[in-house]
Amino acid sequence: MTLVLRNVRPWGGDAADVTLDGGVIAAVGPATPEGAAPAGSSPGSAAVVEGRGRILLPSFSDVHVHLDSTRLGLPFRPHTGAPGVWDMMLNDRQNWRGAEASVAERATMTLGAMIERGTTRVRSYAQVDVDAGLERFEGVLAAREAHRDRADVAVIAFPQAGLLREAGSAEVLEEALRMGADVVGGIDPCALDRDPVRHLDIVFGLAEKYSLPVDMHLHEPGQLGLFSAQLILERTKALGMQGLVTISHGYGLADLPAAQLQELIDEMGALDVSMATIAPAGAPLPLQQLAAAGVRVGLGQDGQRDYWSPYGNADMLDRTWQLAFTSKFRADELIEHCVAVATIGGSSVIDPQAPRVASVADRPGLAVGDAAELVLVEGDTVTAAVMDRFPGRTVIHRGRVVADALQLV
């Protein structure tokens, strides 16, 4: 059935009625008074959601989340991890089986909470290694199935422990691909596996074999991170994988000398290599430079109150505030750009054919013909909504309401 969102403000602009049909935005017209039939409709021809002047945004896209490790909803557990990727991984390995609920139960609950807060597009990691086998991967698949009508979830088979340090790691990764993983993951080819050629041979070899995109975790600092990024770009170009490779984190890239950073960003734009950030403390990604170079950038929450970190709350609007804060943004245009990154930006990371954020001033996703992946939020302006992060949200996936805190349907 057709759905009309009455008296909503697309991207915080003038009030409008927005009609959804066939999973897309079918019309945008003047707002009609509450209780009146929407323009062009007859009684009973359309369901109506009363927007009550709320802001209409594209729904959030979480493109870097570890649903297999979440502890949201469980008793709070003090952090016990030691610094460093390998030691943090070992701490997780020592504890994850002792959680009060299974991976599937925890992932399903967290994904449901993410949807209720406005996320309908997700790219989640699922750790595959010689310790977990496919257990964590299967748990994320179960969560995806439980919410299959409420969100689109792509699953990354992710070798958190590397591919070369433990015999059998590459075989487990490939088995996850045979079982239907959507993306091939990789991690720190120099710092963790200490053999970037072999690591990237495996990751890109499997991506080519199964015709899948690649997502590379890159925690490596400074010049080491640059070296790995350059190797990733070389593979992308050599294999013709433009549009199919994402560098996640890229923590050390913002510390590069200005000329090196600009050269790298320009090459990423030319090869259509995207980035995913979690808005970490420290040097932020240069969002304005990335946008100017046409680099697709998305946002994610990473682990959520898990054995790696006590942070995370399933709310991408909260993480959008963090992106603006860590980027030291104050101007409305830049804070709204963070919203664009967290919504349409992430959607374009998942699907390179989807609409993209063309500049820091671009506000796509709410035109006729765009996908009806939407969220209504409270706020005087988009920036105010980011600052306040009120809970009264209505969430729409494929043109129908899938979560409604105000029960306005």
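All figures in this text were calculated on a predicted structure; none of them were measured in a lab. (Residues numbered from 1 in each chain as written. Predicted model: local features only at pLDDT ≥ 70, side-chain atom pairs only at ≥ 80, totals over all residues. Heavy atoms only, no water.)

K.L.:
How would you sum up the nonpolar core? Please name residues and give values.
P.N.:
Within the largest apolar cluster, 103 residues are counted, with the highest numbers of intra-cluster contacts made by L5, L20 and L374. The dominant element in this core, judged by the number of residues it contributes, is helix α10 (residues 332–350), at 8 residues. (Core = buried A, V, L, I, M, F, W, Y, C linked by side-chain atoms within 4.5 Å. Buried < 20%, exposed > 50% of the residue type's maximum accessible area, 1.4 Å probe, protein only. Helix = DSSP H or I, 4+ residues; strand = E, 2+ residues; numbered from the N terminus.)

K.L.:
Which residues make up the pairing of strand β3 (residues 24–30), and what values go with them?
P.N.:
Note: strand β2 (residues 16–21) against β3, 6 bridges, orientation antiparallel. Residue pairing for β3: D21 is matched across the bridge by V24. Counted along the chain from β2 to the antiparallel partner β3, the turn is 2 residues long, and its residue G22 has a positive phi close to 65 degrees. (Pairing = 2+ DSSP bridges.)

K.L.:
Got a sec to walk through the packing of helix α2 (residues 103–116) against helix α3 (residues 135–146)? Specific residues and values, please.
P.N.:
Between α2 and α3, the shortest axis-to-axis distance is 8 Å and the interhelical angle comes to 40 degrees. What the angle tells us is that α2 and α3 run oblique. Note that α2 runs across α3; the crossing there is right-handed. Residue-level contacts link V103, A104, A107, T108 and L111 of α2 to R136, G139, A142, A143, R144 and A146 of α3. Partitioning the contact of α2 with α3 into residue classes produces 7 nonpolar, 2 polar and 2 charged. (Axes fitted to C-alpha atoms, helices over the stretch in contact; angles between N-to-C directions. Parallel < 35°, antiparallel > 145°, perpendicular 65-115°, else oblique. Left-handed = near helix turned anticlockwise from the far one by under 90°. Contact = heavy atoms within 4.5 Å. Nonpolar A, V, L, I, M, F, W, Y, C, P; charged D, E, K, R; others polar.)

K.L.:
Summarise α10; cite the residues concerned and give the values.
P.N.:
Across its 19 residues, α10 extends 26 Å between first and last C-alpha, which sits within 8% of the 27 Å expected from 1.5 Å per residue. When you tally the buried positions in α10, you get 16 out of 19 residues, the bulk of the element. (Expected span 1.5 Å × (residues − 1).)

K.L.:
I'd like a rundown of the UniProt feature "domain: Amidohydrolase" (unreviewed entry) in the chain, residues and numbers included.
P.N.:
Per the UniProt record, the feature "domain: Amidohydrolase" (unreviewed entry) sits at residues 51–403. Split by type, residues 51–403 is 39% helix and 17% strand. Its first and last C-alpha atoms lie 14 Å apart. (UniProt positions renumbered as here; feature names shortened; annotations may be inferred.)

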